[in-house]
Amino acid sequence: MEKPQNQLLSWIVLIVGGLFLIPTLPFTLLLISMPIWKPDETSFLSLLFTALPVAMCAATIWAMRQAYKAIRLSASTTVQASAVLPKSPEQVIENDLPSARKKPVWPWAVIVPGVLLLFALGPGAMMLPIMPVYLAAMSTDSGTVPDYVPALIVVIGYTLILAYAVFLVKAIQVLRAK
């Protein structure tokens, strides 16, 4: 009998997928129906940009279904395993030791928010690299801003982007190493 999949990952997929679908699915349905209620504004580009959220929603629903099946399989396997005769003390000690190669949780705390940000921004994610410069330029529109504020915005913005990139690379290295 196969070992049941990790339930924690399945629960994370279900929760994050649900949180992603709640705001995204209604707008995706509106985009799908746009050729019906606004045929004059439908173009090849709008259909192309409709395909992206439809594909993301479909992939999320598929992943949530797979996670739900894994949780159900794990629950039924647990019930079947508890019905089996108890193990000898040697088997209990041998099989129940935590593995020495458990993966840490902190890399997922770095990766998941970045992925959610990219999903939430959609095509606007292309603006992330120039966001500090754009915000600094917008801060100069007010005549009362001190001269150091735009430079401070650029320095802090690119420092945050660089720090996240370093943490992301380290998180991927930790996950791949174990």
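What counts, and at which threshold
Each chain has its residues counted from 1, following the order in which its sequence is written. Reporting in this predicted model follows two pLDDT cut-offs: at least 70 for local features of residues, and 80 or more for side-chain atom pairs to be given and counted; totals over whole chains, interfaces and linings ignore these cut-offs and use all residues. As a rule here, side-chain values cover all heavy atoms of the structure and leave hydrogens and water aside. A helix here means a DSSP run of H or I that spans at least four residues, while a strand means a run of E at least two residues long, and both kinds are numbered starting from the N terminus. We call two residues in contact whenever any of their non-hydrogen atoms come within 4.5 Å of each other. Every accessible area reported is derived by Shrake-Rupley at a probe size of 1.4 Å, with residue values counting cover from the shown protein chains alone. Residues form patches when they are more than 30% accessible in relative terms and have no salt bridge. Like charges link within 9 Å. Nonpolar side chains (Val, Leu, Ile, Met, Phe, Trp, Tyr) link within 5 Å. Salt bridge, as used here: a side-chain nitrogen of Lys or Arg that lies within 4 Å of a carboxyl oxygen of Asp or Glu. We define the nonpolar core as a collection of buried residues of types Ala, Val, Leu, Ile, Met, Phe, Trp, Tyr and Cys that are connected through side-chain atoms lying within 4.5 Å of one another. Each residue is assigned to one of three classes by its accessible area relative to the maximum for its type, calculated with a 1.4 Å probe on protein chains only: buried under 20%, partly exposed between the two thresholds, exposed over 50%. Per-residue confidence from the predictor is reported as pLDDT, which spans 0 to 100. What a helix should span is 1.5 Å times the count of its residues minus one. Fitting one axis to the seven residues ending at a residue and another to the seven starting there, the bend at that residue is the angle between the two axes. Only the stretch in contact is used when fitting a helix axis, every axis being a line fitted to C-alpha atoms; angles between N-to-C directions are given from 0 to 180 degrees. What sets the label is the angle itself: under 35 degrees gives roughly parallel, over 145 gives roughly antiparallel, 65 to 115 gives roughly perpendicular, and the rest give oblique. In this scheme the handedness of a crossing depends on how the near helix is turned from the far one: anticlockwise by less than a right angle means left-handed, clockwise means right-handed. Any residue that is not Ala, Val, Leu, Ile, Met, Phe, Trp, Tyr, Cys, Pro, Asp, Glu, Lys or Arg is counted as polar, Gly included; the first ten are nonpolar and the last four charged.

## Let's talk about the overall build of the chain
Here is step 1 of the chain: Counting its secondary structure elements, the chain contains six helices and zero strands.
Here is step 2 of the chain: Counting from the amino terminus, helix and strand elements in the chain follow one another as α-α-α-α-α-α.
Here is step 3 of the chain: Residue pairs in contact within the chain that sit at least 24 positions apart in sequence constitute 71% of those at least 6 positions apart.
Here is step 4 of the chain: Surface accessibility of the chain: about 13,600 Å² in total, with carbon and sulfur atoms responsible for 73%.

## Focus on a nonpolar patch on the surface
Here is step 1 of the chain: On the surface, a nonpolar cluster with roughly 460 Å² of combined accessible area is contributed by Trp11, Ile15, Leu19 and Ile22.
Here is step 2 of the chain: Assignment of secondary structure puts Trp11 in helix α1 (residues 7-37).

## A few points about the nonpolar core
Here is step 1 of the chain: Ranked by size, the top nonpolar core spans eight residues in total: Leu14, Phe20, Leu21, Met56, Cys57, Met64, Ala67 and Ile71.
Here is step 2 of the chain: Elements with a minimum of two residues in this core: α1 and α2 (44-83).
Here is step 3 of the chain: Top element by residues in this core is α2. It accounts for five residues.
Here is step 4 of the chain: Non-local contacts of Ile71, meaning those with residues more than four positions away in its chain, are made with Gln7, Ser10, Trp11 and Leu14.

## Re the confidence of the model for the chain
Here is step 1 of the chain: A residue-level look at the chain finds 83% of positions with pLDDT of 70 or above and a mean pLDDT of 82.
Here is step 2 of the chain: Highest mean pLDDT in the chain belongs to helix α6 (residues 148-177) (93); lowest belongs to helix α3 (residues 89-96) (54).
Here is step 3 of the chain: Residue range residues 1-5 is modelled with pLDDT below 50. Its contacts to residues more than four positions away, or to other chains, number five contacts.

## Some thoughts on α6
Here is step 1 of the chain: With 30 residues, α6 should reach 44 Å at 1.5 Å per residue; the first-to-last C-alpha distance of 43 Å fits that figure.
Here is step 2 of the chain: Taken together, the buried positions of α6 are Pro150, Gly157, Ala171 and Leu175.
Here is step 3 of the chain: At its buried positions, α6 is contacted by α4 (106-121) and α5 (131-139).

## A look at the pattern of salt bridges
Here is step 1 of the chain: Overall, the coordinates contain one salt bridge when judged by the stated rule.
Here is step 2 of the chain: The closest approach of N and O atoms between Glu41 and Lys38, which form a salt bridge, is 3.8 Å.
Here is step 3 of the chain: Using a relative accessible area of 52% as the deciding quantity, one classes Glu41 as exposed.
Here is step 4 of the chain: For Lys38, a relative accessible area of 31% corresponds to the partly exposed category.

## Examining the side chain of Thr28
Here is step 1 of the chain: Assignment of secondary structure puts Thr28 in helix α1.
Here is step 2 of the chain: Overall, Thr28 belongs to the buried group, its relative accessible area being 3%.
Here is step 3 of the chain: Non-local contacts of Thr28, meaning those with residues more than four positions away in its chain, are made with Pro53, Val54 and Cys57.

## Section: the side chain of Thr50
Here is step 1 of the chain: With respect to the helices and strands, the residue Thr50 is situated in helix α2.
Here is step 2 of the chain: The exposure class of Thr50 is buried, given its relative accessible area of 9%.
Here is step 3 of the chain: In this structure Thr50 touches Leu31 and Ile32, once residues within four positions along its chain are discounted.

## So, α1
Here is step 1 of the chain: Over its 31 residues, α1 extends 43 Å from the first C-alpha to the last, a length consistent with the 45 Å expected when each residue adds 1.5 Å.
Here is step 2 of the chain: At Thr24, α1 is bent by approximately 40°, the largest bend along its length, and proline Pro26 sits one to four residues beyond.
Here is step 3 of the chain: Those residues of α1 that sit buried are Ser10, Leu14, Gly17, Gly18, Phe20, Leu21, Thr24, Thr28 and Met34.

## Examining the packing of α4 against α6
Here is step 1 of the chain: Axis separation between α4 and α6 bottoms out at 9 Å; the angle between their running directions is 125°. It follows from the interaxial angle that α4 and α6 lie oblique. Where α4 crosses over α6, the two elements pack in a sense that is left-handed. Contacts between α4 and α6 involve Trp106, Pro107, Trp108, Val110, Ile111 and Gly114 on the former and, on the latter, Tyr164, Phe167, Leu168, Lys170, Ala171, Ile172, Val174 and Leu175.
Here is step 2 of the chain: Looking at the contact of α4 with α6 residue by residue, the class counts come to 12 nonpolar, one polar and one charged.

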